[in-house]
Amino acid sequence: KRESAAAVSRLARRPLQGETRSMRAASVLLAAVAADSSALRLSVNPITRVAKLLSDLGKKLEADAKEEKKLFNKFECWCTKVQKAKDESIEKAESRIEELTHLISDLDAGKIELTDERENLEKQVDKLKKEKKKMEKSRDRQIADYDTVKDETEKAIAALDEAITRIDSQTEEGSLAVIKWTIKKALPQDSSFISTEAHKYLAKLGAPDDVKNLNKDAKFQEDYSKKSGKIKQTLNAMKSKFGVYLSELEEKEATDLANYNELHTAKTAELDEAKTAMTNMEEENAARRKAKNEAEDEKTDLEDNNTADRDFKTETQTTCDDKKTEFETRETARNEEQEAIQEAISILRSDDARDTFKKSFNSQTAFVQLGQAKKSDNAAKEAAAQLRAVANGNSALRILAAKIETVRGTPTEFEAIFTSIDDLVKELKEDQDQDLADKTDCDSQRREGTITAKRHSKTIDKKNGEIEELKQQIVAHNDDIKALNTTIAELHDQLREAETNREVEHARYQADKLDDQTAKSLVHQAKGVLKTKYESMAALQKAREFTGLAQTGSKADPIAAGGEAPPPPPSTFSGTYEGAQGAAKGILAILATVEEDIQHDIDKADAEEDSALTAYNKFKDDTETSIEDKEDLIGEIEGTIADKEGEIGDLETDVSDENDSLNGTLTQLKTIEPGCDFIAVNYETRTTRRNDEIDGLAKAKAILQGAKFD
């Protein structure tokens, strides 16, 4: 059966003629399950396993059929959605086409205005008219004001000329009054033209007293003559200023007239331009042309989309009809396949077949176990030697080495050994990680000012660590002794069990041979049923890949918009259903190999009987030797415990002495953990030792698994 498992594994790895990738994957999966080193050889006989595989295959085919039904239902749903979506898209497009047709007609007839250009231009024209009228009224007021001021200024100049002329004459008594009237006539209300003093002086000229004095008093006449000169001077100054003011007034009027004409011309042009724009309506007409072009383009696109959607509807319906036919064909083929599988299972699981196979395969178990023990003896010794070489006082490794020597090749024992090795490696790596973490943490906390305290602390921590380690070693040694005693008891039990097993093996031999021959006949019958069915399903063509549940698809996209191709249908199945060819070939290969192995077991039965006896004798001798070695090891461990207890006493005395020196500097070292110095001193040594132990464990495991080291 060891050879059958290997043959099945090789067969699964070798591609069959015309086999596709998924079929090879199914064969490898089934063969790997069938070739499990424990399940086929020790726990369940191959026929039971094959019947289970066939039953599982039947369940898988049933599940595949349900899944295919779900996929087909999704596909049908997709068909319905696509058709419905395209119908709605076509209907919506046709409605929109009708709206666009009316819109184009209204645009051509000018029934629709798309912009507010007309309203804006009307407002602009009205505003410009008001602004122009306002500007003209303002200019009229400006001209009236100018004429009034100019007239008053010219009259003032004429009055001043008359007053100056009269002052020059001064011949008549009434002239002074005339001068006064003339001056008042010419005197402006605005006093800015002359000084305040001159204005007041001119205002009181010609008083009645002055006229009387002028007629009767020569002295007054002389004084008045002087005053008249001053008056004339003042009047001339006024005349000059009025002349300048008149010139500036005329110059300003000329400028205002030019500015008005320029603004009036510009405003008139702006008004004419707005009226022209109102007549042309360029923006509105452009908007209408653009709207019409867009409407015509959209209408054309919608008409094209409807044509494409009708084509998509036809194509989708064809695809859906083809897929329905394909599904019905695959369903029929799978039902026939299920019938063949159930027939093969009924052959292998009949009551008579169960009894026959049980007797046949149980007859080989003991031989396999002893054969395995024989092949694993050398590996166990080599692995144990490897562990002892790196133990370095590690009792756990020495105990494990002792346990390995007792292993006789059963998978359960090897699995326990592998678990122990893995646990020890894990524990050593965890210890190494913890040491590294402790060392890193300690290094980060050190300060230059703690040199003196560090020296004492290092010694104390080191010795305390050594004490703790020694105590742990003592505990471990006691555990080792307990484990060794347990192992010795187990070895005695194994020896007694081996003696009992050996006694019943020979009596079972003859009865098992007949059972093997009957089992071979039943396997051949079941293999024939399956082979006939699957060869008929793939008679004249290469096996095509079974897609079923292996086929996956992306999440369905939403239904496409109008004119666009619908999304691909959900993933389903494809091609003609060829049956579970890959799985079936794997099972047929297992059945063929089992049939050959049964015959091979019959031929080997006599030779294995002799080999089993030899193996038993060797097992007995080795077990007794192992018991003696372990009893000697217990004595050594007890001596080691006594030595370590003495070391602990010495170290405790040293720690007490160091504590007396440490008290002076302890305050500065509160933040440093007690174990830092121990880790710092022993880190490299512990790391090297641990790495050696881990490497030794790895090599020991590899040796037990069949590896060779020079």
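This is a predicted model, so every value here is computed, not measured.

The rules behind each value
Residues numbered from 1 in each chain as written. Predicted model: local features only at pLDDT ≥ 70, side-chain atom pairs only at ≥ 80, totals over all residues. Heavy atoms only, no water. Helix = DSSP H or I, 4+ residues; strand = E, 2+ residues; numbered from the N terminus. Buried < 20%, exposed > 50% of the residue type's maximum accessible area, 1.4 Å probe, protein only. Contact = heavy atoms within 4.5 Å. Phe/Tyr/Trp six-rings, centres within 6.5 Å; stacked < 30°, edge-to-face > 60°. Lys NZ or Arg CZ within 6 Å of the ring centre and 35° of its normal. 1 Å grid on protein atoms, 1.4 Å probe; cavity = no way out; pocket = protein on both sides within 12 Å on 5 of 7 lines; lining within 4 Å. Points joined across faces, edges and corners; volume = space filled by probe spheres on them. Nonpolar A, V, L, I, M, F, W, Y, C, P; charged D, E, K, R; others polar. Patch = residues over 30% accessible without salt bridge, like charges linked within 9 Å, V, L, I, M, F, W, Y side chains within 5 Å. Areas by Shrake-Rupley, 256 points an atom, 1.4 Å probe, with all protein chains shown as cover. Salt bridge = Lys/Arg side-chain N within 4 Å of Asp/Glu carboxyl O. Lys, Arg positive; Asp, Glu negative; His and termini not counted. Charge placed at Lys NZ, Arg CZ, Asp CG, Glu CD. Core = buried A, V, L, I, M, F, W, Y, C linked by side-chain atoms within 4.5 Å. Polar contact = N/O pair within 3.5 Å; in protein donor to acceptor, adjacent residues only side chain to side chain. pLDDT = per-residue confidence, 0-100. Expected span 1.5 Å × (residues − 1).

### Here we look at the overall build of the protein chain
The helix and strand inventory of the protein chain stands at 17 helices and 0 strands. A buried classification covers 39% of the 710 residues belonging to the protein chain. Sequence separation of at least 24 residues holds for 88% of the intrachain contacts in the protein chain that already meet a minimum separation of 6.

### Things to note about the packing of aromatic side chains
The final tally for this structure, using the stated rule, is 2 aromatic pairs. A ring pair is formed by Phe75 and Trp78, whose centres lie 5.5 Å apart and whose planes are at 45°; its orientation type is tilted. Of this pair, Phe75 and Trp78 both sit in helix 4 (residues 46–109), 3 residues apart, which is roughly one turn of that helix. The two residues Phe75 and Trp78 agree in class, both being buried. If you follow Lys323 out to its NZ or CZ, it ends over the ring of Phe75, 5.9 Å from the centre.

### Some points on the layout of surface pockets
Of the voids in this model, the largest pocket is the one considered here, and its volume is about 1000 Å³. In this structure, the largest pocket is lined by 32 residues; those nearest its centre are Asn394, Glu427, Asp431, Glu469 and Gln472. For the lining of the largest pocket, the secondary structure elements donating two or more residues are helix 13 (395–405), helix 14 (411–445), helix 15 (451–537) and helix 17 (676–704). The leading source of residues in the lining of the largest pocket is helix 15, at 9 residues. Residue composition of the lining of the largest pocket, by class: 10 nonpolar, 10 polar and 12 charged.

### So, a negative patch on the surface
Taken together, the side chains of Glu294, Glu296, Asp297, Asp301, Glu303 and Asp304 present a region of like negative charge at the surface. Inspection of the secondary structure assignment puts Glu303 in helix 10 (residues 282–348). On the basis of relative accessibility, which here comes to 34%, the residue Glu303 falls in the partly exposed class.

### Remarks on the nonpolar core
Grouped together as the largest cluster of nonpolar side chains are 30 residues, with contacts concentrated most on Leu54, Ile341, Leu348, Phe357, Leu530 and Ile587. For this core, the secondary structure elements donating two or more residues are helix 4, helix 10, helix 11 (351–362), helix 15 and helix 16 (581–662). When neighbours within four sequence positions are excluded, Ile341 is seen to be in contact with Leu54, Leu57, Leu61, Leu530 and Tyr534. By size, the runner-up hydrophobic cluster in this structure holds 23 residues, among which are Ala379, Leu397, Ala401 and Leu697.

### So, the pattern of salt bridges
Within this structure, the stated rule accounts for 26 salt bridges. Its salt-bridge partner being Arg310, residue Glu94 comes within 3.0 Å of it at the nearest N-O pair. Highlighted residues: Glu94 in helix 4 and Arg310 in helix 10, separated in sequence by 216 residues. We classify Glu94 as partly exposed; its relative accessible area is 41%. Taking relative accessible area as the criterion, Arg310 reaches 39% and is therefore assigned partly exposed. As a salt-bridge pair, Lys699 and Asp695 come within 3.5 Å of each other at their nearest N and O atoms. One end of the pair, Lys699, and the other, Asp695, are both in helix 17, 4 residues apart, so they sit about a helical turn from each other. Residue class for Lys699 comes out partly exposed when judged on its relative accessible area of 27%.

### Topic: the side chain of Lys644
Mapped onto the elements of the fold, Lys644 is located in helix 16. One buried charged side chain, Lys644, makes no salt bridge at all; its nearest oppositely charged neighbour is Glu647, positioned 5.5 Å away. Separated by 2.6 Å, the side chains of Lys644 and Gln473 make a polar contact. With near-sequence residues (within four places) excluded, Lys644 lies in contact with Leu470, Gln473, Ile474 and His477.

### Here we look at a positive patch on the surface
Taken together, Lys133, Lys134, Lys137 and Arg141 make up a surface patch of like positive charges. As for its position among the elements, Lys133 is in helix 5 (residues 117–169).

### Some thoughts on the confidence of the model for the protein chain
Looking at the protein chain, pLDDT values average 75 and 73% of them are 70 or higher. Predicted confidence for residues 1–43 stays below pLDDT 50, and this span has 71 contacts to residues more than four positions away or in other chains. In this model, residues 210–222 is a region of pLDDT below 50 whose contacts with residues beyond four sequence positions or in other chains number 13 contacts.

### So, helix 4
Between its first and last C-alpha, helix 4 extends 92 Å over 64 residues, near the 94 Å set by a 1.5 Å rise per residue. At the exit of helix 4 stands Gly110, carrying a positive phi of roughly 75°.

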